[in-house]
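Working through the structure, step by step
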Amino acid sequence: AMTSDSMQASAQPRVYVHMGEHAMTIAGWVEGKLCLARCAEVGYSLLCDAVFRTGRGQRLGDVFTREYANRLTFSVGLPRRGEMMDQGLNFRGDDVLPLVQPALQRFAIELRQTLRFGMLESDLARVKLWIGGPGAAITGLGTALGDSLDLASECLASRASGAAED
């Protein structure tokens, strides 16, 4: 089951996004009834790939593997301006942001289109976005998605390993 009974029965419209490695599943409820369900072929791997490509572009050596980029994404979260992501490698958030922004835009576009075609405008004004799945453990992702859609958002995961599959 993707959600708890209390989430489904809520009077407030809710959208649940399961953020997997290669896909996100989007489901929406209004007055306890499922009103939309969709799988979009974009997942948190877009963010990990952005970190990996940035590290490789800076020629940071053999230590900067795809696995390391995944661990860094889950341990640090979404990069911020002025933030040092790895002191030893002098790897900064400012370097990653140009590649992370398009990934976040892609998530927002998929969500926006799904909501636009799956919910009434009156429900969209009151909807709350819930982010779950392994990608929810990436600090800042839920807030970034909510902010990009002007929606309240909440992550349903605590800090956990990002090794889970879709």
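About the criteria used
- Residues numbered from 1 in each chain as written.
- Predicted model: local features only at pLDDT ≥ 70, side-chain atom pairs only at ≥ 80, totals over all residues.
- Heavy atoms only, no water.
- Salt bridge = Lys/Arg side-chain N within 4 Å of Asp/Glu carboxyl O.
- Helix = DSSP H or I, 4+ residues; strand = E, 2+ residues; numbered from the N terminus.
- Buried < 20%, exposed > 50% of the residue type's maximum accessible area, 1.4 Å probe, protein only.
- Contact = heavy atoms within 4.5 Å.
- Pairing = 2+ DSSP bridges.
- pLDDT = per-residue confidence, 0-100.
- Axes fitted to C-alpha atoms, helices over the stretch in contact; angles between N-to-C directions.
- Left-handed = near helix turned anticlockwise from the far one by under 90°.
- Nonpolar A, V, L, I, M, F, W, Y, C, P; charged D, E, K, R; others polar.
- Core = buried A, V, L, I, M, F, W, Y, C linked by side-chain atoms within 4.5 Å.

Turning our eyes to something else, we now look at the pattern of salt bridges. Scanning the entire structure with this criterion turns up eight salt bridges. Between Arg66 and Asp49 there is a salt bridge, with the nearest N and O atoms lying 2.5 Å from each other. Placement of the pair is Arg66 in helix H3 (residues 66–76) and Asp49 in helix H2 (residues 45–57), with a sequence separation of 17 residues. Accessibility expressed as a relative area gives 41% for Arg66, which makes it partly exposed.

Here we take up the environment of Phe52. Within the secondary structure, Phe52 sits in helix H2. Distance from Phe52 to Glu67, taken between C-alpha atoms, is 8.7 Å for residues 15 residues apart in sequence. Here Phe52 is in contact with Phe64, Thr65, Arg66 and Ala69, once residues within four sequence places are set aside.

Our next topic: the pairing of strand S2 (residues 24–30). For S2, a buried count of six out of seven residues is recorded, marking the element as mostly surrounded by other parts of the structure. Inspection of the sheet shows strand S1 (residues 14–19) paired to S2 by six bridges, in the antiparallel sense. Following the sheet pairing, Arg14 is matched in S2 by Trp29. Linkage of S1 to S2, two consecutive antiparallel strands, is achieved through a turn of four residues. Pairing analysis gives seven bridges linking S2 to strand S3 (residues 33–40), with the strands arranged antiparallel. If you follow Trp29 over to S3, its bridge partner there is Leu34. With antiparallel pairing between neighbouring strands as the criterion, S2 and S3 make up a hairpin whose turn holds two residues, including Glu31 at a positive phi of roughly 50 degrees.

Predicted confidence across the chain gives a mean pLDDT of 86, with 87% of residues reaching 70 or more. Per-element averaging of pLDDT across the chain places helix H1 (residues 5–9) at the bottom with 48 and S1 at the top with 96. Every residue in residues 1–8 scores below 50 in pLDDT, and together they form 14 contacts with partners more than four places removed in sequence or on other chains. pLDDT under 50 marks residues 158–166. Its contacts with residues more than four places away, or in other chains, come to 19 contacts.

It is at 8 Å that the axes of H2 and H3 come closest, and there the two elements cross at 115 degrees. Seen along the crossing, H2 lies across H3 with a hand that is right-handed. Residue-level inspection shows Leu47, Cys48, Asp49, Val51 and Phe52 of H2 in contact with H3, the latter providing Arg66, Ala69, Asn70, Leu72, Thr73 and Phe74. Considering only residue class, the contact of H2 with H3 consists of seven nonpolar, two polar and two charged.

Our focus in this paragraph is the side chain of Thr114. Mapped onto the secondary structure, Thr114 falls in helix H4 (residues 93–118). Excluding anything up to four places from it in sequence, Thr114 contacts Ile26, Leu36 and Arg38.

Moving on, we come to the nonpolar core. One recurring pattern in soluble globular proteins: nonpolar side chains tend to sit buried together. With 43 residues, the main nonpolar core has Val17, Met19, Met24, Leu47, Phe64 and Phe107 as its most contacted residues. When residues of this core are traced back to their parent elements, those giving at least two are S1, S2, S3, H2, H3, H4, strand S6 (128–132) and helix H6 (141–149). Ranked by the residues each element gives to this core, the list is headed by H4, at seven residues.

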